[in-house]
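Listed below are the residues making up each chain.
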Amino acid sequence: MEFLLFLLRRVLWSLLVLVGLSVVIFLIARAVPGDPARMALGPTATQEQVTDLRHKLGLDRPLITQYGLFVAALSHGDLGRSLLTERAVTDDIRESFAATLELVLATIFLALAAGLPLGIAAARWKDRWPDTASRLVAILGAVTPTFFLALLLQLLAGYVLHVLPTTGRLDPADPFHADITGLITLDSLLEGRFAVTLDALRHLLLPATALAAATMGQMARLTRASMLEVMSQDYIEAARAFGIPDWLRVLKYTLRPSFVAPLTILGLEFASMIGNAFVVELVFSWPGMAAYGIRTILQKDLNAVMGVVMVSGAFFVGVNLVIDLLVGLVDPRIRIRGARA
Amino acid sequence: MTEPLLSVRNLSVEFTTYGRTNAVLHGVTLAVPERSQVALVGESGSGKTVTMKAIMGLLREPPARVTAGEILFDGRDLLRASRAERDRLRGTAMAMIFQDPMSSLNPVFTVADQMGTILKYADRRLGRQRGRAGRRARVHEVLAQVRMRDPERVAASYPIMLSGGMKQRVLIAMALLSQPRLLIADEPGTALDVTTQAQILKLLKDLVEEQHLALLMITHNLGVVRETSHYVHVMHRGRIVEAAEAQALFAAPREDYTRNLIASVPRLTGGTSFATLARTDDET
Ligand SMILES: Nc1ncnc2c1ncn2[C@@H]1O[C@H](COP(=O)(O)OP(=O)(O)O)[C@@H](O)[C@H]1O
Ligand SMILES: [Mg+2]
């Protein structure tokens, strides 16, 4: 019950955060120097054409009115048109967001699947070779710039070993429209087209690995630190005295109480990757929202930029809510005490 | 006289930390006969917990090292037993109760989960067959034995929902799950308030007598010894300096150290007679 109240409070806060975000992004978009109408029309357009477009876009109205129009349109899912692609921003974002989401989900899966066992092994065999190996991997993951790793993987796998595709989400010879969820892997599974699923997974592997390296290292180190802290607690010694076997003490009695910190960080990483994936998206020609965001910013494509920021923001807030819920499920102390999380 | 259930002979233990070696136990000898209540008493730092850990096989080696002695349980030398055999005894034939109930229960699992898991692996070590329902029933049974008024509710609780006294009783229940022959209690209840502690000690004494267990009571408080033990070993700086029947020890202590210890006894129950304490219930 307390936990429900706590979640409800978090939901309200999240809405406030989103409203704040919309104001800030709106003001910033209007304050940056340069005229979007001029940018869109190019240097050869006449002053008259520019004024005309400014009027059509509402740029000549008072700021408060512009914001009101922005919010009114936003409330029924209209983010205006992109000056860059000349399509509805909502359509652009719907497609590119699905691409980024699929990439980021694969990344999180890899980071967890590799980082968690590494962290557990490092804690269980502290100061022995698994610990050293895990530290090495973590440091390498942390210090290797993502763009470098992305290029390295692309060169290695694509041009030297010739085993994995290095660009895009699918082989162009493999026409497939992901129109259920937008995630190719999931939609192709649902439609029973397993060859497409496999191809999509092969396309995902390299970019997801490049993006996962740093997070994986962080997960490993954080899991290790958390588990070592828990291992020094009386209740682990007590479990030993009561005859709980070693593996169960590590994988259940220690891991579960240690899991809140790694889970929280994973959520933050997950949410911010939506925006930060652009390097990998550019290198691997991944038609994602992060790359779309960069291109539209460079073009001062205001509607598109605001759309991307709002969607990223909403996603960030949403993921954090889910993490709050998961943290409460993992640790009853948080669930029972409610807000003191 | 028959062999005692537990017999520690001439046990010496040292610790090596940062290259420096410290002898902590110097030839400790003590015995706990079947169905007896024996105390090991000494000031803090005298080596009581190390003795207990050596008996339970909980010493980490390194940094600890047993340099001499034997620990006979039921006639078998545990120090020379295989690891599997020690694992089989721990938490089954010999069980222990920890000092601090606040930190000795896992905070993220329910009492039922933790007790069920202990029972499951104890059964497995002993080659005993018992299903999930059987374990559940046994958990509730033992919770009732430690005077929980509502075992179902306690079993479904997370530790954070229980009072200190209730947590201590859950820990006692955990130790009793597999009907051990020897129970070792390391300063039970010292983390609790005086009244609750007295109730816990009374409960422990009742249980030990009801279930015919042998009890090794470890404490720094001779007041506890007076109420709970037949026989007393006094430990000082890793040595047993005096061992005697409880009555004889209080009547005529031979060692100065014991005399000082007796002189400094705090009255445990603060005026209330131990025997008249109400049975513990869920309010503790
Ligand atoms: N893990 C350890 N490493 C080094 N020294 C230890 C360790 N555990 C206990 N000791 C030492 O052993 C002595 C006895 O400790 P202990 O048995 O805990 O005393 P107590 O009688 O209070 O239970 C103390 O001097 C302590 O410093
Ligand atoms: Mg101690």
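All values derive from a computational prediction rather than experimental measurement.

### As for the pattern of salt bridges
Residues and elements named next belong to chain A.
Then step 1. Scanning the entire structure with this criterion turns up 34 salt bridges over all chains.
Then step 2. With a closest N to O distance of 3.7 Å, D131 and R135 form a salt bridge. Of this pair, D131 and R135 both sit in helix 6 (residues 129-143), 4 residues apart, which is roughly one turn of that helix.
Then step 3. Overall, R135 belongs to the partly exposed group, its relative accessible area being 37%.

### Quick look at the interface of chain B and chain A
Then step 1. Taken together, the 30 residues of chain B in the interface contact 23 residues of chain A.
Then step 2. Here chain B packs against chain A, burying approximately 2,400 Å² in sum over the two surfaces, 65% of which is carbon and sulfur.
Then step 3. Across the contact surface, chain B and chain A share 3 salt bridges.
Then step 4. Mapped onto the side of chain B that touches chain A, the elements with two or more residues apiece are helix 1 (48-56), helix 3 (111-126) and helix 6 (164-176) of chain B.
Then step 5. If one sorts the elements of the side of chain B that touches chain A by residue count, helix 3 of chain B sits on top with 6 residues.
Then step 6. Partitioned by chemical class, the residues of the side of chain B that touches chain A number 17 nonpolar, 7 polar and 6 charged.

### Topic: the packing of aromatic side chains
Then step 1. One pass over the structure, following the stated rule, counts 5 aromatic pairs over all chains.
Then step 2. Considering the side-chain rings of Y253 of chain A and F109 of chain B, the 5.8 Å spacing of their centres and the 45° angle between planes classify their relative orientation as tilted. Taken as a pair, Y253 of chain A in helix 11 (residues 246-258) and F109 of chain B in the loop between strand 6 (94-97) and helix 3 lie in two separate chains rather than in one.
Then step 3. Classification of Y253 of chain A as buried rests on a relative accessible area of 3%.
Then step 4. Within the aromatic cluster, the residues linked to one another by ring pairs are F97, F270 and F315 of chain A.
Then step 5. One Lys or Arg, K252 of chain A, reaches over the ring of F109 of chain B and ends 4.9 Å from the middle of that ring.

### As for the site of ligand 1
Residues and elements named next belong to chain B.
Then step 1. F15, V24, E43, S44, G45, S46, G47, K48, T49 and V50 make up every residue found near ligand 1.
Then step 2. In this structure, T49 approaches ligand 1 through a side-chain N or O atom, which is 2.7 Å from an oxygen atom.
Then step 3. Protein coverage of the free-state accessible area of ligand 1, which is 560 Å², stands at 59%.
Then step 4. Examining the composition of the shell around ligand 1, we find that 3 residues originate from one element, helix 1, more than from any other.

### Comments concerning the side chain of T100 of chain A
All names here are of chain A.
Then step 1. Among the secondary structure elements, T100 is positioned in helix 5 (residues 89-124).
Then step 2. On the basis of relative accessibility, which here comes to 0%, the residue T100 falls in the buried class.
Then step 3. Only 2.6 Å separates the side chain of T100 from the backbone nitrogen of M289, close enough to count as a polar contact.
Then step 4. If near-sequence neighbours (up to four positions away) are discounted, T100 is found in contact with I274, E281, W286, G288, M289 and A290.

Procedures and definitions
Residues numbered from 1 in each chain as written. Chains lettered and ligands numbered in written order. Predicted model: local features only at pLDDT ≥ 70, side-chain atom pairs only at ≥ 80, totals over all residues. Heavy atoms only, no water. Salt bridge = Lys/Arg side-chain N within 4 Å of Asp/Glu carboxyl O. Helix = DSSP H or I, 4+ residues; strand = E, 2+ residues; numbered from the N terminus. Buried < 20%, exposed > 50% of the residue type's maximum accessible area, 1.4 Å probe, protein only. Contact = heavy atoms within 4.5 Å. Buried area = accessible area lost by both parts, 1.4 Å probe. Nonpolar A, V, L, I, M, F, W, Y, C, P; charged D, E, K, R; others polar. Phe/Tyr/Trp six-rings, centres within 6.5 Å; stacked < 30°, edge-to-face > 60°. Lys NZ or Arg CZ within 6 Å of the ring centre and 35° of its normal. Near = heavy atom within 4 Å. Polar contact = N/O pair within 3.5 Å; in protein donor to acceptor, adjacent residues only side chain to side chain. Areas by Shrake-Rupley, 256 points an atom, 1.4 Å probe, with all protein chains shown as cover.

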